[in-house]
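# Descriptive analysis of the structure
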Amino acid sequence: MTNFKVGIIGAGPSGLAMLRAFESEQKKGNPVPEIKCFEKQDNWGGMWNYTWRTGVGKYGEPLHGSMYKYLWSNGPKECLEFADYSFTEHFGQPISSFPPREVLFDYIQGRIKKSKARDFIQFNTVARWVDYLEDKKQFRVIFDDLVKNETFEEIFDYLVVGTGHFSTPNLPYFKGIENFPGAVMHAHDFRGADQFIDQKVLLIGSSYSAEDIGVQCYKHGAKSITISYRTSSIGSKWPEGIKEKELVTHFEGSTAFFKDGHSEDFDAVIFCTGYQHKLPFLPDNLRLKSKNCLYPNHLYKGVIFNDNERLIYLGMQDQYYTFNMFDTQAWFARDYILGRVSLPSKEERTADINKWMAYEKSTVTGADHVDFQTDYIKELISLTDYPPFDLDKVADMFKQWLHDKEVNILNYRDQVFTSVVDGTEASIHHTPWMKEMDDSLERYLDEVTLDDEELMK
Ligand code: FAD
Ligand code: NA7
């Protein structure tokens, strides 16, 4: 064991990647630092640890979860696969390319359950405040043990923040919304489309949440879905029953007025207006301040905080790649903490950050964004021993997925891709996504029966 201590805040996919990175080092017989991870929920998995709750959790903390019951992967699983743990290794059989939430959660847990990671995590414990002790070059972190209702502190030499950034709603105001008589919510509080059956639903925003919640509501029987965009429309070929409109200007009772002069009555409004990077436990000089983008400012290699080299952020980017990107970040952070990666001067780091930010600025299309994040991950892999995988092929799969969504937003989840990790070709799911109303792991892994074939017609 090396004689310093690493604190990890959050046991979502990013925090778990950090634990896994150290574990893989330990398995090689190499010394690793003392590690402690703190998670405010009662289980690991972050967003994938689904909760029915909204608002506050059991202990009165702002609720982290933004996932909904009927969520199925919104990108091909082959694009997020861990390079050191394939889906086939986990499930023992090929599965489809767009599994439901529970299946992905099971996969995330599979890798980490094989390790002692759980022993390093203190659950139901929230990070409240961080101080940097300049003289000692250490962090003092104040935590609340939510079960015992006790406050305590811990000292760390390195601090890893993996608290996610799709949890605190960005909720803009539209005149008259306060008098809207129906349901008004943010995507963060959306738990399922059931309550919108037979309703006319207005979604504000035009990114992943609007696209998917819109399609979910359509699938589960909403009367109509209108998606209102500020900058650009999603532009899919929508089925009858879903349409896009320019931005809402204001509401009068249940009527929404749009920029193009159109007005319409609605039963419910769902704000799909994104999230804030909210890190209330960090003081001003340590807090990452960013909007949702591919390369947040102040992060060297997207990971090391430029104003304090001992502070590490994982998963703070907007995400095409997810689990495998968190892994590459964690592997890089591990090697840096272990002293294998030496940092250039602050000026050189700033120049490197600026280079990436300028690259991001030059991107326009979804395909450009995919290429950007592919290049970013390629660079991280070149700096570590994370198992290399064919990133160009993954980028091609992302581009195919973008195309499939344009062609048919309702059946892109029925497409199949091939793993670059072990070459497994995904199987076609026994039931087309639009007809599959049971999202459970058991149903998903079930062999198709004759009765089920009826459903497939
Ligand atoms: P999170 O998963 O958000 O985990 C952060 C963890 O930190 C949480 O467990 C939280 O409780 C904990 N935490 C926060 N604050 C504190 C604190 N102060 N003290 C202690 N612990 C704290 N990705 C995909 O790949 N495919 C998808 O289909 C997909 N769908 C998504 C759908 C929705 C609705 C959302 C919101 C996200 C989706 N994502 C998807 C992206 C998702 O965010 C990532 O897959 C992944 O969960 C990010 O991991 P993370 O560990 O960085 O953050
Ligand atoms: P995103 O991807 O950050 O998108 C936010 C959307 O909200 C985007 O279309 C914005 O439009 C729109 N927005 C933001 N503020 C406003 C205001 N004031 N008025 C109108 N529209 C606004 O968030 P998502 O929730 O869609 O996705 C986040 C993650 O959750 C993602 O990884 C998914 O997997 C699930 P803009 O283009 O900025 O005009």
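Below: a short report on this structure. Note that the coordinates shown come from a computational prediction; the quantities given were computed from them, not determined experimentally.

## Looking at the sheet that holds strand β16 (residues 268–271)
- Across the sheet, 5 strands lie side by side as β9-β16-β10-β11-β12; this open sheet has parallel pairing. Each edge of the open sheet carries a strand with a single partner, namely β9 (183–186) and β12 (242–246). Strand-to-strand, the axes of this sheet are offset by a mean angle of 20 degrees, without reference to chain direction.
- Alignment of strand β10 (residues 200–204) against strand β11 (residues 224–229), held across 5 bridges, turns out to be parallel. Bridge pairing in β11 places Leu203 opposite Ile227.
- Packed onto the sheet, helix α4 (residues 208–219) meets β10, β11, β12 and β16 and runs at close to 170 degrees relative to β11.

## Structural notes on the site of ligand 2
- Surrounding ligand 2, one finds 19 residues, the nearest of these being Ser206, Ser207, Ser209, Arg230 and Thr231.
- In the model, an oxygen atom of ligand 2 is placed 2.9 Å from a nitrogen or oxygen of the Ser206 main chain.
- Note that an oxygen atom of ligand 2 is positioned 2.5 Å from one of the side-chain N or O atoms of Ser209.
- In isolation ligand 2 exposes 790 Å². Once the protein is present, 78% of that is buried.
- Among the residues forming the shell around ligand 2, the class breakdown is 8 nonpolar, 10 polar and 1 charged.

## Considering the sheet that holds strand β15 (residues 263–265)
- Taken in spatial order, the 3 strands line up as β13-β14-β15 in an open sheet, and their pairing is antiparallel. Two strands lie at the open edges of the sheet, namely β13 (248–252) and β15, each paired on one side alone. Strand-to-strand, the axes of this sheet are offset by a mean angle of 25 degrees, without reference to chain direction.
- Direction of pairing for β13 relative to strand β14 (residues 255–258): antiparallel, over a ladder of 4 bridges. Across the sheet, residue Glu252 finds its bridge partner in β14, namely Thr255.

## Quick notes on the layout of surface pockets
- The calculated volume of the second largest pocket comes to roughly 350 Å³.
- What lines the second largest pocket is a set of 19 residues, among which Gln41, Asp42, Arg53, Gly57 and Lys58 lie closest to the centre.
- Residues that form the lining of the second largest pocket fall into these classes: 6 nonpolar, 8 polar and 5 charged.

Scoring rules and cut-offs
Residues numbered from 1 in each chain as written. Chains lettered and ligands numbered in written order. Predicted model: local features only at pLDDT ≥ 70, side-chain atom pairs only at ≥ 80, totals over all residues. Heavy atoms only, no water. Pairing = 2+ DSSP bridges. Helix = DSSP H or I, 4+ residues; strand = E, 2+ residues; numbered from the N terminus. Axes fitted to C-alpha atoms, helices over the stretch in contact; angles between N-to-C directions. Contact = heavy atoms within 4.5 Å. Near = heavy atom within 4 Å. Polar contact = N/O pair within 3.5 Å; in protein donor to acceptor, adjacent residues only side chain to side chain. Areas by Shrake-Rupley, 256 points an atom, 1.4 Å probe, with all protein chains shown as cover. Nonpolar A, V, L, I, M, F, W, Y, C, P; charged D, E, K, R; others polar. 1 Å grid on protein atoms, 1.4 Å probe; cavity = no way out; pocket = protein on both sides within 12 Å on 5 of 7 lines; lining within 4 Å. Points joined across faces, edges and corners; volume = space filled by probe spheres on them.

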